[in-house]
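# Chains, contacts and geometry: an overview
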Amino acid sequence: HLAGNSGGQWYTTQLAFSHHFFVQLTERDTDGNWRGLGHFFELWGMSYAKGMFTGGIPPFDLHNRCATSWLSSQVFAAILGAVAATLELVHFPAYNWRSYIDHMLHCSIPGYEALTFAHPRPGLPEAAFVEQLALPPDTWVGKDADVQRVELKMPPGIPAGTTLPFAHVAKARS
């Protein structure tokens, strides 16, 4: 079984679904020695950086629920928006995790969006995947302009505001 959470899951996804990523990490050099992790991360980092600098940034709307009044909400959103816009000028979309994930996965798994757990896993074909996540009481689902806010209705006995843990297991290929 192979499990990950957050960044660890992005790593295991690349390890399992990208033959190139798997080989770069597990291949020995011409002398028969294992390659250093520094060499691997240097190659991977250059590919990832290239994607960040040449790829587009998906649309993202800042949702501000931290403010207590309309005026402070507008000021807070303006400050965050200015910081985020400045960071995007240097290709560092600080508040747009989708952009990070998209470029990270594209650098090793082109067309990853169309993959399912049923697709071949060239890196780890015999491993069972355990994906984990936490679903907060209010969350956003969808993609691009079709994003919607969803509020969970808790079953009786579960306190309001509870974050629910989830796990999904994708079986190993037999």
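The preceding data block contains the structure.
Residues numbered from 1 in each chain as written. Predicted model: local features only at pLDDT ≥ 70, side-chain atom pairs only at ≥ 80, totals over all residues. Heavy atoms only, no water.

## Overview of the overall build of the protein chain
- In terms of helices and strands, the protein chain carries five helices and five strands.
- The N-to-C order of helical and strand elements in the protein chain reads β-α-α-α-α-α-β-β-β-β.
- Residues counted as buried form 24% of the 174 residues belonging to the protein chain.
- Summarising the internal contacts of the protein chain: among those between residues at least 6 apart in sequence, 65% fall at separations of at least 24.
- As displayed, the protein chain offers around 11600 Å² of accessible surface, 63% of which is attributable to carbon and sulfur atoms. (Helix = DSSP H or I, 4+ residues; strand = E, 2+ residues; numbered from the N terminus. Buried < 20%, exposed > 50% of the residue type's maximum accessible area, 1.4 Å probe, protein only. Contact = heavy atoms within 4.5 Å. Areas by Shrake-Rupley, 256 points an atom, 1.4 Å probe, with all protein chains shown as cover.)

## Structural notes on the sheet that holds strand β1 (residues 2-4)
- Within the open sheet, the three strands sit side by side as β1-β2-β5. Their pairing is mixed. The outermost strands of the open sheet, each flanked by one partner alone, are β1 and β5 (164-170). Strand after strand, the sheet turns through a mean of 20° between neighbouring axes, direction not considered.
- Pairing geometry for β1 and strand β2 (residues 129-135), over three bridges, is parallel. Bridge assignment links L2 to a residue of β2, and that residue is F129. (Pairing = 2+ DSSP bridges. Axes fitted to C-alpha atoms, helices over the stretch in contact; angles between N-to-C directions.)

## Side note on the pattern of salt bridges
- Scanning the entire structure with this criterion turns up one salt bridge.
- Between R35 and E27 there is a salt bridge, with the nearest N and O atoms lying 2.9 Å from each other. (Salt bridge = Lys/Arg side-chain N within 4 Å of Asp/Glu carboxyl O.)

## Some words on the side chain of D102
- Mapped onto the fold, D102 is located in helix α5 (residues 97-106).
- Not counting chain neighbours up to four residues away, the residues in contact with D102 comprise Y112 and E113.

## Describing a nonpolar patch on the surface
- Taken together, V75, I79 and V83 make up a surface patch of nonpolar side chains, about 250 Å² in accessible area.
- Tracing the backbone shows V75 in helix α4 (residues 70-89).
- Residue class for V75 comes out partly exposed when judged on its relative accessible area of 43%. (Patch = residues over 30% accessible without salt bridge, like charges linked within 9 Å, V, L, I, M, F, W, Y side chains within 5 Å.)

## Topic: the packing of aromatic side chains
- Under the counting rule described, the total for this entry stands at five aromatic pairs.
- Relative to F129, the ring of F17 has its centre 5.9 Å away and its plane inclined at 45°; by these criteria the two rings are tilted. You can see F17 sitting in helix α1 (residues 7-17) and its partner F129 sitting in strand β2, a full 112 residues away along the chain. Each member of the pair F17 and F129 is classed as buried.
- Plain terms: the ring middles of F40 and F41 are 5.0 Å apart, the flat faces sit at 70° to each other, and that makes the pair edge-to-face.
- When its relative accessible area of 43% is taken as the criterion, F41 is described as partly exposed.
- Linked through ring pairs, Y11, F21, F40, F41 and W44 together constitute an aromatic cluster.
- The side chain of R121 reaches across the aromatic face of F129, ending 5.3 Å from its centre. (Phe/Tyr/Trp six-rings, centres within 6.5 Å; stacked < 30°, edge-to-face > 60°. Lys NZ or Arg CZ within 6 Å of the ring centre and 35° of its normal.)

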